Amino acid sequence: AVVSTQSGHYDRERRKSQTTSPKPFEKCGSCTNKTYAVAKMLACPWCELLCHKKCMNGQLGCNKCCESTIPGFHAYSYELLGARSGFTSNKAYNPYHRENIMNQIGDAFQDGEGTNENESMWSGISELLENCKYIEPKQVVQSKDNELKVISLNIRSLTKNISLIAENLAHFQKYDVLMFNETNCDPDKLPNGADDLILEGFHPPKLSIPRRKSCKGGGLATYINTTVCDEDEIEVFEPRNVDLQSFDCELMFVRLNRHKKVNKSIILGNVYRSPSREPEKFIQYLEEMFVALHRHRHKHIVFAGDFNINLLNYETDIYSQKLTDIMANHGFIQTVSRPTRITDHSATLIDHVYSNISENISSTNIVTLDLSDHLAVVTNIVLTTDNTSPLVRSTKRPKTPYRRFNAENTEKFRRLISEETWAETESETDSQLKFNKFIDTYTKHYDSAFPLETNQSRRKNERQSPKPWILPWLEDACARKNRFYYEFVKNPTEVNKIKYKKMKKIRRQTHPKSKKQVLY
């Protein structure tokens with residue numbers, strides 16, 4: 001039986017060697033790597049060699065030929081031209097400015113006073129876009145009673161960044177709404193489900209899982225602060241007669257029926273469009289969605305997210321023009337004017353915010369958070385013009401006495417206890433009096449090390465709710481890292497990039513060590 005089994009194995013190997021022939025492959029004439037998809041290779045018009053499609057540059061030829069014939073082929077335009085190339089993070093999107101070349105058309109059709117009838121509206125929108133600026137995280141203030149502060153960010157994996165958000169929770173609690181896109185997260189695959197994504201001070205998030213089975217490149221999450229409304233006032237809904245799952249993008253609507261006790265609902269649309277999707281289909285789907293949203297036209301609707309269409313190319317890119325036009329046709333104005341994704345060689349405005357009531361948008365700014373390769377966009381929405389309205393619930397916390405527990409005060413308390421002789425306590429003979437002396441002495445040292453404070457004065461970089469392992473020197477290091485990132489965003493030079501990367505590396509190396517020393 002053993003012999004027959006071995007002979008059968010040899011027969012199968014012999015037949016396999018006779019019937020199987022090596023699969024043909026071809027070497028790319030540009031990168032010299034092998035490829036078995038010979039049918040998809042293209043011939044270079046200069047060297048006439050077959051090359052990968054990715055190694056071809058259209059009629060210019062393959063990369064190898066371009067390098068040998070075109071000077072500076074792999075150099076960026078800003079490297080070749082310097083400041084003349086116009087690369088800067090200060091480039092702005094403002095199609096409503098009167099000096100825009102497209103707005104010069106129609107000057108002859110002015111009314112009798114010599115001003116266009118739409119010029120006042122355009123100037124207001126243009127002023128809103130011009131006031132959009134970069135701010136550091138420390139410049140963000142707490143949301144007011146009569147406004148809704150919304151932050152939108154391409155988080156690039158919520159599960160990886162949820163711990164960083166929790167460590168900086170005091171900053172994120174300044175916002176009323178957190179809108180994260182490209183979360184790359186399916187709560188069913190997490191150890192504790194959606195409980196792993198809960199943030200203190202916020203209601204459980206409203207989630208939309210990525211459409212890809214790999215959970216990469218998609219997903220939405222919207223958090224509502226508990227001071228905004230009760231949980232039963234938050235509603236996830238789909239417009240009638242429209243299937244959002246069939247759209248060529250990811251879109252989730254959250255409606256706040258009653259927020260900060262204002263009796264008027266607001267609709268927040270969280271958007272993510274993958275760069276691999278066709279912009280033309282995306283714009284067509286938007287047209288269908290606006291038809292379905294027509295019955296909600298009197299409500300305040302805000303769209304925010306990563307659209308992956310660079311509006312800085314508005315004057316030359318047809319899709320940027322189509323997106324702006326279709327939004328404007330339905331009464332939506334884009335309020336972000338500065339680049340939201342900046343590298344050392346590019347600056348693009350692909351994270352947008354659209355509102356159908358632009359006069360309710362008091363400001364839109366870009367926060368230099370370094371959680372991902374995108375910057376965060378903060379929009380302040382005015383809820384009422386009457387600051388004394390009885391319908392508005394105050395979110396200000398009363399000033400109550402508190403004690404500051406940190407490493408410095410703890411060390412002081414240990415020193416006072418160790419230096420205490422307890423002579424007065426030991427001199428008492430009565431047990432009750434001895435206990436009272438002990439409590440008095442202990443309380444005296446406790447109050448000395450951890451005094452009651454009523455003012456909110458803190459160190460320059462001290463956090464509102466500091467973690468015990470984030471010591472003062474680490475707080476200063478985090479503040480310097482944020483400052484260097486802000487400077488890099490404003491002026492993306494190689495020097496600023498090196499300074500930011502170096503400080504980020506120091507912070508990343510020292511933070512876990514400091515946490516380990518305190519906890520273990």
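Coordinates for the structure precede this section.
Since this is a predicted model, take the numbers as computed values, not measurements.

Asker: Let's hear about the overall build of the chain: which residues, and what values?
Answerer: Broken down by element type, the chain carries 13 helices and 21 strands. Residue burial in the chain is summarised as follows: out of 520 residues, 42% are buried. Long-range contacts, defined here as pairs at least 24 residues apart, represent 67% of the contacts in the chain between residues at least 6 apart. Roughly 29600 Å² of accessible area belongs to the chain as shown, and the carbon and sulfur atoms make up 51% of that amount.

Asker: Kindly report on the nonpolar core, identifying the contributing residues and their values.
Answerer: The biggest cluster of nonpolar side chains holds 69 residues, and the ones touching the most others in it are Leu148, Phe253, Leu256, Met289, Phe303, Leu323 and Met327. With near-sequence residues (within four places) excluded, Leu323 lies in contact with Phe282, Ile283, Leu286, Phe307, Ile309, His352 and Tyr354. Membership of the second largest hydrophobic core comes to 25 residues, among which are Leu158, Leu169, Leu199 and Leu369.

Asker: Describe in detail the sheet that holds strand E7 (residues 177-181), supporting the description with residues and values.
Answerer: If you walk across this open sheet you meet the seven strands as E5-E18-E19-E6-E7-E9-E8, and the pairing is mixed. Edge positions in the sheet fall to strand E5 (134-135) and strand E8 (206-208), since each of these pairs with one other strand and no more. Note: strand E6 (residues 147-154) against E7, five bridges, orientation parallel. Bridge pairing in E7 places Ile151 opposite Leu178.

Asker: Can you explain a nonpolar patch on the surface? Please cite residues and give values.
Answerer: On the surface, Phe435, Phe438, Ile439 and Tyr442 cluster together into a nonpolar patch covering about 350 Å² of accessible area. Considering the arrangement of structural elements, one finds Ile439 in helix H11 (residues 431-449).

Asker: Outline the side chain of Thr441, listing residues and values.
Answerer: Here Thr441 shows up in helix H11. When neighbours within four sequence positions are excluded, Thr441 is seen to be in contact with Glu420, Trp422 and Thr425.

Asker: Could you give an account of H11, with specific residues and numbers?
Answerer: Between its terminal C-alpha atoms H11 stretches 27 Å, which fits the 27 Å expected from 19 residues at 1.5 Å a residue. Among the residues of H11, Thr441, His445 and Ala449 are the ones counted as buried. Looking straight down H11, one finds its buried side chains confined to an arc of 70°; they lie on one side. Turned more than 90 degrees from where H11 packs its buried face, Asp440 and Lys444 sit exposed. Buried residues in H11 make contact with helix H9 (407-419) and helix H10 (423-427). The N-capping residue of H11, defined by a side-chain oxygen 3.0 Å from the backbone nitrogen of Gln432, is Asp430.

The rules behind these values
In this convention, every chain numbers its residues from 1, walking through the sequence in written order. Restriction of local features to residues with pLDDT of at least 70 applies here, the model being predicted, together with a cutoff of 80 or more for giving and counting side-chain atom pairs; totals for whole chains, interfaces and linings are based on all residues. Hydrogens and water molecules were not included; the side-chain quantities draw on all heavy atoms of the structure. Secondary structure follows DSSP: runs of H or I at least 4 residues long count as helices, runs of E at least 2 residues long count as strands, and numbering of each begins at the N terminus. Three labels apply to residues, based on accessible area from a 1.4 Å probe with only protein chains included: buried if under 20% of the type maximum, exposed if over 50%, partly exposed otherwise in between. Two residues form a contact once any of their heavy atoms are found within 4.5 Å. Per-residue and other accessible areas follow the Shrake-Rupley method at a 1.4 Å probe size, with only the shown protein chains counted as cover for residues. In this text, buried Ala, Val, Leu, Ile, Met, Phe, Trp, Tyr and Cys residues form a nonpolar core when linked through side-chain atoms within 4.5 Å. At least two DSSP bridges between two strands are required for those strands to pair. Patch rule: a residue counts if its relative accessible area is over 30% and it has no salt bridge; like charges are joined within 9 Å, and nonpolar side chains (Val, Leu, Ile, Met, Phe, Trp, Tyr) within 5 Å. Any Lys or Arg side-chain nitrogen found within 4 Å of a carboxyl oxygen on Asp or Glu counts as a salt bridge. Here, expected helix span is obtained from the residue count minus one, scaled by 1.5 Å. To be clear, the arc concerns the directions from the helix axis to the C-beta atoms. Polar contacts here mean pairs of N or O atoms no more than 3.5 Å apart (in protein, one a potential hydrogen donor and the other a potential acceptor; neighbouring residues in sequence count only if both atoms are side-chain atoms).

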